[in-house]
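What the coordinates show
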Amino acid sequence: DVRRVLLLELVNSDGTRAWSECVAESLPSYSPDTVDSCWLAISEWLAPRLAGATFTTPRDVNGALSLGIRGHRMARAALEMGVWALDAERRGLSLAALLFTESATSRAGGAMPRALVDTGVAIGIQGSANELADRARAAVAEGYRRIRIKIEPGRDVEPARDVREAVGDAVPVVVDANASYSLDDTTHVLALESLDTLGLWMIEQPLGSEDLVRHAELQRRMRTRLCLDESITSDARAEEMLRLGSARGVNLKAGRVGGFTEALAIHDRCTRAGTALWCGGMLETGIGRAYNVALASLPGFTEPGDLSPSARYWARDITEPEWTMSATGQVQVPLERAGIGVAVREDAIDDLTTRRLVIGS
Ligand code: MG
């Protein structure tokens, strides 16, 4: 019900402005990065590297932020992605169009970024089986094109089967284990084997985030495609995943990999390899969502993204317009507007702000 959010406003020397969002959460449960660790990293080590500096392209920012700094990817991404938006704004391009021109495989394809992006929904672990099935059915009725449910040991095979039956064979169902299974535990292995019989679209991140080798072992035994989320923290990790055969899909979150430069590299690598790719979400506000929509408009994203409309998460979003989804489960990419494509309600941000820091002059 409550989300602490770290927002940045970047200002270029010509007066161009862009808002960006750090996707870190309050606690280090999904990623080692948190709102507070990112605040520290941005204010102490990262933002001072950009303040007053000159860059030729946003790609150079990635190098400047990663030189001599390990980790802190979500903090780096918040700045780096903001610079991409700043550059798009400055050049009068939509962020989606800018990313498209910077993606090697997109350019080679010769097409344009998508104007409409397919949307899936993520449903958390529910109290009862009926509740879960009802929510899944309601999501399909709303138009969502893919259902993803969270699972954990002991609450996996039955919920997955219930949802599979509730929504019918035409709707892809993905289960996301958030790294909660181990091949050393027999009950876990039995559960994974049962999940493999359900005709699931993908099984996401069953094993630990460091476990590329064991994921490869598991993928060899499974018919169902595995998909990695937490494990893929960089393009180098994506390369290792492909070489080892650890999975056949990637849930790409630009914040997790340090920003758009790495995300574009992973997009291009997965496209060349024919690997399933989709854009995940971190319960962002409308600002972070704008970056996800732009990324998901690239042609290499083969699966519906976690791009739920603003109203799913927020009483009122901080962007104008709010993000909406069509009755057929698609989000429109604002290709006609420069930058992130939505206006930011700065008065609303002021009202919600508890802490503020200005870096640079
Ligand atoms: Mg996940």
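Heads up: the structure comes first, above all this text.
Reading the values: rules and limits
Residues numbered from 1 in each chain as written. Predicted model: local features only at pLDDT ≥ 70, side-chain atom pairs only at ≥ 80, totals over all residues. Heavy atoms only, no water. Helix = DSSP H or I, 4+ residues; strand = E, 2+ residues; numbered from the N terminus. Contact = heavy atoms within 4.5 Å. 1 Å grid on protein atoms, 1.4 Å probe; cavity = no way out; pocket = protein on both sides within 12 Å on 5 of 7 lines; lining within 4 Å. Points joined across faces, edges and corners; volume = space filled by probe spheres on them. Nonpolar A, V, L, I, M, F, W, Y, C, P; charged D, E, K, R; others polar. Axes fitted to C-alpha atoms, helices over the stretch in contact; angles between N-to-C directions. Parallel < 35°, antiparallel > 145°, perpendicular 65-115°, else oblique. Left-handed = near helix turned anticlockwise from the far one by under 90°. Salt bridge = Lys/Arg side-chain N within 4 Å of Asp/Glu carboxyl O.

A look at the side chain of His 215
- Assignment of secondary structure puts His 215 in helix α9 (residues 212-221).
- Beyond its immediate chain neighbours, meaning those up to four positions away, His 215 contacts Gln 205, Pro 206, Leu 207, Gly 208, Leu 226, Leu 228, Ser 231 and Ser 246.

Here's the deal with empty space enclosed by the protein
- The final tally for this structure, using the stated rule, is 2 cavities of 30 Å³ or more.
- Roughly 110 Å³ of volume is contained in the largest cavity.
- Taken together, 17 residues line the largest cavity, and the ones lying closest to its centre are Glu 21, Val 23, Met 81, Gly 255 and Asn 292.
- No other element matches helix α3 (residues 73-91), which puts 4 residues into the lining of the largest cavity.
- Of the residues belonging to the lining of the largest cavity, the class tally is 9 nonpolar, 5 polar and 3 charged.
- By volume, the second largest cavity is sized at about 50 Å³.
- Considering the residues around the second largest cavity, the lining is formed by Ser 94, Leu 95, Ala 96, Ala 290, Ala 294, Val 333, Pro 334, Gly 339, Ile 340 and Gly 341.
- Among the elements of the structure, α4 (95-102) and α12 (286-296) are those that each provide at least two residues to the lining of the second largest cavity.
- Tallied by class, residues from the lining of the second largest cavity come to 7 nonpolar, 3 polar and no charged.

Thoughts on the packing of helix α2 (residues 58-66) against α3
- For the pair α2 and α3, the least separation of the axes is 9 Å and the interaxial angle reads 160 degrees. Classified by the angle their axes make, α2 and α3 are roughly antiparallel. The interaxial crossing formed by α2 with α3 has right-handed handedness. Every residue of α3 that contacts α2 at Pro 58, Arg 59, Val 61, Asn 62, Leu 65 and Ser 66 is listed here: Arg 76, Leu 79, Glu 80, Val 83, Trp 84 and Asp 87.
- Per-class residue counts for the contact of α2 with α3 are 6 nonpolar, 2 polar and 4 charged.

Brief notes about the pattern of salt bridges
- Summed over the entire model, instances satisfying the criterion amount to 23 salt bridges.
- When the shortest N-O distance is used, the salt bridge between Arg 145 and Asp 118 registers 3.3 Å. Residue Arg 145 is located in the loop between α6 (129-142) and β5 (147-150), and its partner Asp 118 is located in strand β3 (residues 116-118); the two are separated by 27 residues in the primary sequence.
- Residue Glu 152 is joined to Arg 155 by a salt bridge in which the shortest nitrogen-to-oxygen separation is 3.3 Å.
- One network of salt bridges, with partners in common, ties together Arg 146, Arg 148, Lys 150, Asp 176, Glu 204 and Asp 306.

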